[in-house]
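A closer look at the structure
The primary structure of each chain is shown beneath.
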Amino acid sequence: VGPRLFRYFKYKGCGDEAADLTQETFIRLVRVRDKFDSARGPIVAFALGIALNVWRENLRASRSHEELDSVNEVAIDAGLQERLERMSEAARLREIVQRLPQAQQDVLYFYFDEEMTTREIGEALAMPEGTVKSHLSRAKETLRTLLEKKEWI
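Here goes a summary of the coordinates provided. Treat the numbers as computed from the prediction; the structure is a model and nothing was measured.

The rules behind the values
Residues numbered from 1 in each chain as written. Predicted model: local features only at pLDDT ≥ 70, side-chain atom pairs only at ≥ 80, totals over all residues. Heavy atoms only, no water. Core = buried A, V, L, I, M, F, W, Y, C linked by side-chain atoms within 4.5 Å. Buried < 20%, exposed > 50% of the residue type's maximum accessible area, 1.4 Å probe, protein only. Helix = DSSP H or I, 4+ residues; strand = E, 2+ residues; numbered from the N terminus. Contact = heavy atoms within 4.5 Å. Salt bridge = Lys/Arg side-chain N within 4 Å of Asp/Glu carboxyl O. Expected span 1.5 Å × (residues − 1). Phe/Tyr/Trp six-rings, centres within 6.5 Å; stacked < 30°, edge-to-face > 60°.

**Quick look at the nonpolar core**
Ranked by internal contacts, the top residues of the largest apolar core, which has 34 residues, are Y8, F9, L48 and F110. Counting only elements with at least two residues in this core, the list comes to helix 1 (2–11), helix 2 (18–31), helix 3 (43–77), helix 5 (89–97), helix 6 (102–113), helix 7 (118–125) and helix 8 (129–148). The dominant element in this core, judged by the number of residues it contributes, is helix 3, at 10 residues. If near-sequence neighbours (up to four positions away) are discounted, L48 is found in contact with L5, Y8, F110, E114, M116 and A124.

**Side note on the pattern of salt bridges**
Using the criterion set out here, one finds 9 salt bridges in the structure. With its nearest N and O atoms 2.8 Å apart, the salt bridge here joins R28 to E24. Taken together, the positions of R28 and E24, both in helix 2 and 4 residues apart, correspond to about one turn of that helix. Of the residues examined, E24 reaches a relative accessible area of 26% and is grouped as partly exposed. In this structure, R28 engages E57 in a salt bridge whose closest nitrogen and oxygen atoms are separated by 2.5 Å.

**Quick look at helix 6**
Structurally, the α-helix is built with 3.6 residues per turn, so residues lying three or four positions apart point the same way. In this model, helix 6 (12 residues) spans 16 Å end to end at C-alpha, consistent with the 16 Å of a helix rising 1.5 Å per residue. Regarding helix 6, the residues found buried are Q104, Q105, D106, V107, L108, Y109 and F110. After helix 6 finishes, the residue E115 shows a positive phi value of roughly 55°.

**Looking at the packing of aromatic side chains**
How two aromatic rings sit relative to each other is given by the distance of their centres and the angle of their planes. For the coordinates displayed, the defined rule picks out 7 aromatic pairs. Pairing Y109 with F110 gives two aromatic rings, centres 5.5 Å apart and planes at 65°, and the pair type is edge-to-face. Take Y109: its relative accessible area is 3%, and that puts it in the buried class. Here the aromatic residues Y8, F9, Y11, Y109 and F110 are joined through ring pairs into a cluster of three or more.

Structure follows, in structure tokens:
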């Protein structure tokens, strides 16, 4: 479970914080272990659900720091076109995925990167399986449309 959690935080862009967030997830997992029900899904899905909450809390805490950094981002964005030209196909696709609503991004990550079933994803994200399927379908359709329009180039 540990390497999957670490990969999840790296995927979410946590960089150097990934190890700390993984550790925080394990601490919370131990605290709420009595709430785990194996009939509802595997422990990995339960742990990834906790990881999602840890990531969201970390994101909220870092937003105040981002406001200070936004002045520096203006200069960085000037070189955006040059950076996009150097990026690989996978990195360009990630840019498109980041345009999707957060729920769709999460579902795509768990479905493709973690190879979880829609049932397991529902458990991890605390949403009905039908909602997971809807998010997955909408995300795939949006990606298909953007790729056909070549808006990712």
